[in-house]
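These are the residues of each chain, in order.
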Amino acid sequence: MRLRLAQPRSLQSRQLWAASVGLVAFLALAGFALDGAFQRTAQSGLRERLHSYALAYANSDFARDGSVIPPWEPPDARFRRPGSGLYAQIVLENGMWESESAQGPELPPAPMLPPGKQVFEGPLPFRQINGAPGMAYRFGYGLTYAHDDDEGHDIRYTVYVLEDSTALARQVAAFRAALWWYLGGAGVILLLLQMFVLRWSLRPLHDVILELKRVQRGEASGMSQAHPRELAPLTESINAFIQSERENLERQRNTLADLAHSLKTPLAVLRTRLESGASEAELRQELDTQLRRMNDLVSYQLARAARSGHVLFSAPIEIEPQAEQIVVGLEKVYASKGVLCEFDIDPKARFHGETGDLQELLGNLLENAFKWAKSRVLLTVRELPVGPERRPGLSIAVEDDGPGIQEDRIPLILQRGVRGDQRVQGHGIGLSIVQDILKSYRGELHVGRSQELGGARFEAVFPGGL
């Protein structure tokens, strides 16, 4: 039984889920933070209000017998209404005074506090006027009253002000309802906006997919350039790959056509010799000659196809080791001339392609320079800067101190289709191979005079990649 793997989610669903979870988590954390802040603020306001009531009762007077003489007008009218939810207590060492509102409810125990001590407590349980359980916040303030009797006794007392927590709970509940209503509405709006932004931001990827389908159906020759710069490397890579594949297909067709055309003549010669009634010895000699020729033709066409292979996305190759290997051999061949080759190679420079192409290019350019140099050859390799996030280009220049090339002869030696030994003497050998290699890499060959050595200068320029 084969297990069927689950299909991966689309980019849009992944982004939507991730952003939705993050948004919900953010709104939840923000809601809890705001709820906590409101509760702390409400409790702080309640504490300040109870404190102000306590200060009002702290200014009460005392009779000679030690009884409390409260303020004529309480700070709040609810202190006169039994069971109103706002209560005042003055605790003495030998008794307690309570506001009219405290007549009926069973308030929590009220201990004496040291002079100057303030407490804020709650919620504390108590029993309301109708016997139902309730919760209240309490503010206590310990005080001392200097009595002016003959004995000069001071009276210690504590003022307590209590308020039912129902009002605070209602405020918190109303705030929470409004808070979560607004946060929920904002979350829905943000989710819808997020879906719109996500679809809009991923639209270029959808366009790329549609263009790829058009290319697959043959309705378009490649990807267009109307894409954001973040997708430009992708579309350019696709276009480069498409172009490379088309060039490879065209190259294979041309190679087969060239090979078929090249083999026509040897085959025609053999057929003619067979029909001419030549002797067996003559036929054997002719067959050997034409077979060698056909073998050379096939080898040549295969070599051309190998040199013009697929070069896109090739690994970088260090240039100096390849150049040293070639130069060591050339210095042995031209040892009688005493030619020395100098290197000026950027350590960061790399050739992105096939090793055989690099060896073929360096070999032809260096051999040509060794042949016509008097005593010095210079190999210069530099990186060519390109745009951001792109592979740098490459410049390979070979100079010599030979006779050089006349400027009016340069276009002639760069003509396509001209064999090396038919070009200007001394500077044509191997240039056709060099140009074929550069063409496969979309590079260029520049020929001129060396400013440093005075002879010829050949520069192979490779454009930057993706």
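Every chain is numbered independently, its residues counted from 1 as its sequence is written. Residues qualify for local features only when their pLDDT is at least 70, as the model is predicted, and side-chain atom pairs are given and counted only at 80 or more; totals for whole chains, interfaces and linings, by contrast, use all residues. Side-chain metrics in this entry use all non-hydrogen atoms of the structure; hydrogen atoms and water are not considered.

Description of the overall build of the protein chain
Argument step 1. Counting secondary structure elements, the protein chain contains nine helices and 14 strands.
Argument step 2. When each of the 466 residues of the protein chain is scored for burial, the buried share is 38%.
Argument step 3. Counting contacts in the protein chain only where the partners sit at least 6 residues apart, residues at least 24 apart contribute 62% of the total.
Argument step 4. Method for areas: the Shrake-Rupley scheme with a 1.4 Å probe, in which residue coverage is limited to the protein chains shown. Working note: accessible area of the protein chain is about 28,100 Å², and carbon and sulfur atoms make up 56% of it. Only runs of H or I of at least four residues qualify as helices and only runs of E of at least two qualify as strands under DSSP, and these elements are numbered from the N terminus. Partly exposed describes any residue whose relative accessible area lies between the buried limit of under 20% and the exposed limit of over 50%, with all areas from a 1.4 Å probe on protein chains only and scaled to the type maximum. The contact definition used throughout considers only heavy atoms, calling two residues in contact when any of these lie within 4.5 Å.

As for the pairing of strand S11 (residues 376–384)
Argument step 1. Of the strand pairs in this sheet, strand S9 (residues 340–345) and S11 are connected by six bridges, and their pairing is parallel. The residue of S11 that forms the bridge with aspartate 344 is threonine 380.
Argument step 2. Between any two strands, at least two bridges found by DSSP are needed for them to pair. Here eight bridges tie S11 to strand S12 (residues 393–400), and the two strands are oriented antiparallel to one another. Of the residues in S12, the one forming a bridge with arginine 382 is serine 395.

What about the nonpolar core?
Argument step 1. We define the nonpolar core as a collection of buried residues of types Ala, Val, Leu, Ile, Met, Phe, Trp, Tyr and Cys that are connected through side-chain atoms lying within 4.5 Å of one another. Counting residues in each nonpolar core, the largest one holds 40 residues, and the members touching the most others are Leu361, Leu362, Leu366, Val377, Ile396, Phe458 and Phe462.
Argument step 2. Excluding its chain neighbours within four sequence positions, the residues that come into contact with leucine 361 are Ile396, Val434, Ile437, Leu438, Ala460 and Phe462.
Argument step 3. Leu50, Ala88, Tyr141 and Val172 belong to the second largest nonpolar core, which has 24 residues in total.

What to know about the confidence of the model for the protein chain
Argument step 1. You can read pLDDT as the predictor saying how much it trusts each residue, on a scale of 0 to 100. Summing up the model confidence of the protein chain, the mean pLDDT is 79 and the portion of residues at 70 or higher is 85%.
Argument step 2. Confidence, read as mean pLDDT per element, is least for helix H8 (residues 410–413) in the protein chain (72) and greatest for S12 (93).
Argument step 3. Per-residue pLDDT stays below 50 along residues 416–429; that stretch engages in 30 contacts with residues further than four places along the chain or on separate chains.

Some words on the packing of helix H6 (residues 320–333) against helix H7 (residues 355–372)
Argument step 1. At their nearest, the axes of H6 and H7 sit 10 Å apart, and the two run at 35° to each other. Between H6 and H7 lies a crossing whose hand is right-handed. Contacts from Gln322, Ala323, Gln325, Ile326, Val327, Leu330 and Glu331 of H6 reach H7 at Thr355, Leu358, Gln359, Leu362, Gly363, Leu366, Glu367 and Phe370.
Argument step 2. Basically, the charged four are Asp, Glu, Lys and Arg, the nonpolar ten are Ala, Val, Leu, Ile, Met, Phe, Trp, Tyr, Cys and Pro, and anything else, Gly included, counts as polar. Looking at the contact of H6 with H7, its residues break down into eight nonpolar, five polar and two charged. Axis definition: a line fit to C-alpha positions, over the contact stretch in the case of helices; interaxial angles, taken between N-to-C directions, run 0 to 180 degrees. Helix crossings get a hand from a simple test, with the near helix turned counterclockwise from the far one by less than a right angle marking a left-handed crossing and a clockwise turn marking a right-handed one.

Let's talk about the environment of alanine 369
Argument step 1. Inspection of the secondary structure puts alanine 369 in helix H7.
Argument step 2. Taking C-alpha positions, alanine 369 is 8.7 Å from arginine 457, a pair spaced 88 residues apart along the chain.

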